[in-house]
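# Close look at the chain arrangement
Listed below are the residues making up each chain.
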Amino acid sequence: MADNQSANIQALLSALNVFTRAPDKTSLENANSWLQDFQHSPEAWSTCNVLLLSPDAPPAAKLFAAQTFRSKVTYDLHQVDPSNLLPLRDTLVTALERYQSGPKNIITQLCLALSGLALQLPAWDNALQSIVETFGANPATVPVLLQFLTILPEEVSSNTRIPVTDDEYRERSAKLLSDNSEQVLELLSMYLQATGVTHTVQSQIFDCLRSWLVAGEINMSAFGKSPLLAFAFEALGSEELFDSAVDVVCEMIHETQEIDDNMPVIELIVPRVIALRTRLEDQKDDPEKIRGYAKIFAEAGETYRLLILQHTDTFYPIVEAIGRCSAYPDLDIVPITFPFWMRLAQTIGKKSSVSPLFEEAYKALMGVVIRHLHFPPDLASMTGQEAENFRSFRHVMGDTLKDCCLVLGADACLLSAYGLITVALSRAPQSISWQEIEAPLFAMRSMGAEVDVMDNTAVPKIMDLIPSLPIHPRVRYAALLIISRYTEWINRHPDYIAYQLQYISAGFEDPDTEVSAAAGQALKYLCQDCKQHLIEFLPTLHTFLTTTGAKLVQDDRRQVYEAIAYVISAMSMEKAAESLRTFSLDILSQIHAISSKSTAVTKQELKEVGYGLENLEVMLHVVGPFGDQLPPACQNSCQEAWLIFDAFISKFAFDYDTSERATRVLRHGITLFGQSTLSVASSVLSRMVTSFEATGFSSFLWISGKFVGRFGHEADPALRNAFQTLYERATNKVVSLLQSKDPRDIPDVLEDYVQLLLQLIRMAPDVFFQSSAFPLAFRATMAALTLIHSDLVFASLDLFRDILTHESLTPSSSPPPKFPIYCSAIKAVMEKEGFEFVGYVLSGLVGDFPEDAAAVVVTIFRAVALLWSTQLIAWLPPILHQLPPSSAPNQAKQQFLLDVTNALNTAQYDKVKYSVLALHRASRKARDRRRVTPLNQA
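Reference entry: report on the structure contained in this document. (Residues numbered from 1 in each chain as written. Predicted model: local features only at pLDDT ≥ 70, side-chain atom pairs only at ≥ 80, totals over all residues. Heavy atoms only, no water.)

## A closer look at the overall build of the protein chain
For clarity, the cut-off: A run of H or I in DSSP becomes a helix once it reaches four residues, and a run of E becomes a strand once it reaches two; helices and strands are each numbered from the N terminus. Note on exposure labels: buried denotes an accessible area under 20% of the residue type's maximum, exposed denotes more than 50%, and partly exposed covers the range between, all computed with a 1.4 Å probe on protein chains only. By definition in these notes, contact holds between two residues if any of their heavy atoms fall within 4.5 Å.
Along its length, the protein chain carries 48 helices and 0 strands. Over its C-alpha atoms, taken along the principal directions, the protein chain stretches across nearly 95 × 90 × 55 Å. Looking at the protein chain as a whole, 53% of its 938 residues qualify as buried. A sequence separation of at least 24 residues applies to 74% of the contacts in the protein chain between residues at least 6 apart.

## What to know about the nonpolar core
The cut-off we apply is this: Grouping buried Ala, Val, Leu, Ile, Met, Phe, Trp, Tyr and Cys residues that are joined through side-chain atoms within 4.5 Å yields what is termed a nonpolar core.
If you look at the biggest cluster of nonpolar residues, it comprises 336 residues, and the most contacted ones within it are Met 252, Ile 803, Phe 837 and Leu 842. Not counting residues within four places of it along the chain, the set of residues in contact with Leu 842 comprises Phe 861, Leu 876, Ile 879, Leu 880, Leu 883, Phe 896 and Leu 919.

## A closer look at helix α45 (residues 854–867)
Under the convention used in this document: Here a helix's expected span is defined as the number of its residues, less one, multiplied by 1.5 Å.
Its 14 residues place the ends of α45 20 Å apart at the C-alpha level, agreeing with the 20 Å of an ideal helix rising 1.5 Å per residue. Residues Ala 854, Val 856, Val 857, Val 858, Ile 860, Phe 861, Ala 863, Val 864 and Ala 865 constitute the buried set of α45.

## Brief notes about a negative patch on the surface
Quick note on the threshold: Within the patch definition used here, like charges are joined within 9 Å and nonpolar side chains (Val, Leu, Ile, Met, Phe, Trp, Tyr) within 5 Å, considering only residues with over 30% relative accessible area and no salt bridge. In this description, accessible areas are obtained by the Shrake-Rupley approach with a 1.4 Å probe, and a residue is regarded as covered only by the protein chains that are shown. Every case where a carboxyl oxygen of Asp or Glu lies within 4 Å of a side-chain nitrogen of Lys or Arg is listed as a salt bridge. Asp and Glu count as negative and Lys and Arg as positive, but His and the ends of the chain are not part of the count. A single reference atom marks each charge: NZ on Lys, CZ on Arg, CG on Asp, CD on Glu.
Together, Glu 154, Asp 207, Asp 243 and Asp 247 line one region of the surface with negative charge. Structurally, Asp 243 is set in helix α14 (residues 242–254).

## Focus on helix α17 (residues 287–303)
Look at α17: 24 Å from first C-alpha to last across 17 residues, which is about the 24 Å you get at 1.5 Å a residue. Across the 17 residues that make up α17, a large majority, 13, are buried.

## Details of the side chain of Ser 887
Tracing the backbone through its elements, the reader meets Ser 887 in the loop between α46 (869–882) and α47 (890–905). With residues up to four places along the chain from it excluded, the contact list for Ser 887 reads Val 846, Ser 923, Ala 926 and Arg 927.

## Quick word on the layout of surface pockets
Quick note on the threshold: As defined here, a cavity is a set of points on a 1 Å grid over the protein atoms alone where a 1.4 Å probe fits but cannot get out. A pocket is an open set with protein on both sides within 12 Å along at least five of seven lines, and residues line them when an atom is within 4 Å of a point. Grid points are joined across faces, edges and corners, and a volume is the space filled by probe spheres set on the points. Any residue that is not Ala, Val, Leu, Ile, Met, Phe, Trp, Tyr, Cys, Pro, Asp, Glu, Lys or Arg is counted as polar, Gly included; the first ten are nonpolar and the last four charged.
Of the voids in this model, the largest pocket is the one considered here, and its volume is about 580 Å³. Together, 17 residues line the largest pocket, and Asp 76, His 78, Pro 889, Gln 891 and Arg 929 are the ones closest to its centre. Among the elements of the structure, α2 (25–40), α47 and α48 (911–930) are those that each provide at least two residues to the lining of the largest pocket. For the lining of the largest pocket, the element with the most residues is α48, which contributes 5 residues. Among the residues forming the lining of the largest pocket, the class breakdown is 6 nonpolar, 6 polar and 5 charged. Considering only enclosed or pocket space, the second largest pocket measures out at about 420 Å³ in volume. Of all the secondary structure elements, the ones that give two or more residues to the lining of the second largest pocket are α33 (573–596), α34 (603–623), α35 (637–652), α36 (656–673) and α37 (678–695). Of the residues forming the lining of the second largest pocket, the biggest block, 7 residues, is contributed by α35. A breakdown of the residues in the lining of the second largest pocket according to their chemical character gives 21 nonpolar, 4 polar and 2 charged.

## Considerations on unusual backbone geometry
A cis geometry characterises the amide bond from Gly 102 onward to Pro 103, with omega recorded as 5 degrees. Phi angles above zero are rare outside glycine, and Ala 907 is one such case at about 60 degrees. Here Ala 907 shows up in the loop between α47 and α48. On the accessibility criterion, Ala 907 (46% relative accessible area) is partly exposed.

## Quick look at the environment of Cys 530
Residue placement: Cys 530 occurs in the loop between α29 (513–529) and α30 (531–534). When the C-alpha atoms of Cys 530 and Tyr 566 are compared, they prove to be 9.0 Å apart, with 36 residues separating the residues in sequence. Cys 530 has contacts with Thr 487, Ile 490, Asn 491, Ile 497 and Tyr 525, leaving out every residue within four places of it along the chain.

## Description of the side chain of Gln 435
Among the structural elements, Gln 435 can be located in helix α24 (residues 434–446). Here Gln 435 is in contact with His 374, Phe 375, Pro 376, Pro 377 and Pro 440, once residues within four sequence places are set aside.

## Looking at the packing of α33 against α34
Working note: a packed helix pair is described by the angle between its axes plus the distance between those axes. For the record, the criterion: Between N-to-C directions, angles cover 0 to 180 degrees, with each direction set by a line fitted to C-alpha atoms, over the stretch in contact for helices. The labels follow the angle: roughly parallel below 35 degrees, roughly antiparallel above 145, roughly perpendicular from 65 to 115, and oblique for the rest. Helix crossings get a hand from a simple test, with the near helix turned counterclockwise from the far one by less than a right angle marking a left-handed crossing and a clockwise turn marking a right-handed one.
Between α33 and α34, the least distance of the axes is 10 Å, while the angle of their chain directions is 155 degrees. Here α33 lies roughly antiparallel to α34, going by the angle between them. Every pair of crossing elements has a handedness; the one defined by α33 and α34 is left-handed. Together, Leu 580, Phe 583, Ser 584, Ile 587, Leu 588, Gln 590, Ile 591 and Ile 594 of α33 and Glu 605, Leu 606, Glu 608, Val 609, Gly 612, Leu 613, Asn 615, Leu 616, Met 619, Leu 620 and Val 623 of α34 make up the contact between the two elements.

## Regarding the environment of Val 856
Position of Val 856 relative to the elements: it lies in helix α45. Each C-alpha atom of the pair Val 856 and Thr 198 lies 61 Å from the other, and the pair is 658 residues apart in sequence. Apart from the residues lying within four places of it in its own chain, the contact partners of Val 856 are Leu 797, Asp 798 and Arg 801.

Structure, rendered in structure tokens:
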């Protein structure tokens, strides 16, 4: 046995040694895997004990040994004979005594192990007291005790992997924490006041106190009587203790949120919090100090907001202090205060009247926020990341402006921002910075969601102001986005539309790309919300497209087409059809021209046609279908459009982007033309499968699946032949691709292929089951189960579920004529592929299938058990043997085999469900345990 342990130690040291050099990835993975497997083994207990107590063991080995004890206490305590559990405790305590001087990471792991053991070991009745007695009397070991007391509530409260029942947890956590909380307070108070106590120990005391507060285990009445409360506030004056003291003060405030129960303690806390206000001025040059005070004031404000409203004179200084923190120039500190302003505003908003003090507070806050919104004078001084962070933060500040609207009213807030702009514009132009115009504009945009669409006070002033604003890219950008935000108001005030269109049109001419993009967005929302009023402007918009449209970048052009589509959607059906035809013909003629071109097509020409397809797609998406009866303008459009697309796809199918865009347009064509699409469906499917065979692009399978889903029930013989041809040729191509490529290289093809199969089995089972492609399709779909690709795995499992639970497999005295054929086809495939199929399903279940896939696997497994029970009993042993223990522990595999065999032998097929779910739980637990690399657990 000693020889075996010596061999384990040597192997472990060799594996750990791999991490000390710079090995290849494979060596690292192998070493890591070996260490994890070793951690799971029963031998790890004794081996790690030897290493931990060996003075000659290297530091990495000692740390690994401590980590292993923590891990095994969490997961493997069942490996220890009950009679050895208390000796195990003694072993861990002895090790902790050995390492009382450090390293800290080993102390931490041993404290975690002892905490986990205490939760699971009722026989250790006085766990906390025994640790106090062992480590609490000697000043040298007090830091170890404090570390244990800090970790205990954290581990007991948060380590949900420890296997205890709810009742066991309630009983043991009460014994360990609740019953000892007053003793811990007394102990911490004693150490805090001890002669010669160091800042390091005081900091540990605060960390420990915070841990117990966070766990909710401190009785606040008792806390109020202890010296810890006053000392926490005194420690805010210490450089060394400041951060720890801030955390403790915030937690003690938070723990008094049950106001009625804690008023005596609150009366002790609040005066001390208010007394901190002077430090905001005294320490204004120290951002870290201000950050700490901001946390305290904000926590007090949020926790005591009802008291602030009920006893404003007493508590209002907290609001003033939070306002000072909000005004601080460091924008990393300012957001700490925002949750307070939001919650206070929500509470005030429910009241019938607002105190003048709070009105003044929110007016000041609005001015502060708008000042913070100002871009710096020199934008070039900001890095790209800084600029992005600032833009994101502006939107957060915008939400705080909405809180101001809740208290002050949207009109008052908008007029205040409007006033800032008019005051600036009253000065000489050369003395106006664009920032002081742009910031209030941004504020107006942020507050737009709070505006009443019937408002006739503030918004008209803003709309009248926009045309007179200085011509600066940032100002114009902000003004265009205001138009975007206020389009619902404009819809109720259509007299402004002509002016807004002029301003938007000028925005498209701006050389700044962000401005033209904002113009596109403004036009889109204007047309979306004011579409009825814009019908008369449609010829103007068509002229704009034909003249200026070509100069726009594609993103802006697409937004213009989307905007126009909203206007078309508001027209009568006949006029809408005519207008859609007009705009579509511009694009279709472009497509026809490039298809008919006899000379080589340039990349730019093909890209422009691709843009046209995008624009057509967005228009069709917005306009939507016309219903079953097409308007006269669309009667022959389906055939005409398909002739153009057929020639285009025939010529340009090999261009990936072009095929993607073309098939997306076809998808909307199905929606637009509805049943009229039947006249070209067979031709479309023929072109799609031909293109897929030639290119292997998944988009041709995707659109084919949409056609089958829409017309799969149609009885037309020609169409059903087209379905069969599609099915067989697509399957042969997929099989061919799988012979030359790894499934990981073609996930998009497999996903769209499986989705096509799902449409076929549900809409055209006669085609799906009776074709010679069925066995090939079954096998190709099995390949999809090997991928880490959630949507594909779910689709594949859905297909197998549909196959194996098909009605044709249910015995019936008078089945539909084709059901025996379907049944025979399914059974023939399972006889051939069943062993491999079940292997894939179980491997995925304990491997990389998504968590939610277990339910479908249960259904599939039950179906297999019901119809192929004899074969399943023979298949399972070799399949389970192949599953790696790291994913499916041997004990779990043995239990699964036993449970399934018993269920099948007794014909209790419903019990298969519980066997599958138990294996799934065991595998998830094993995988979860292995996610953390051992050497990174410290």
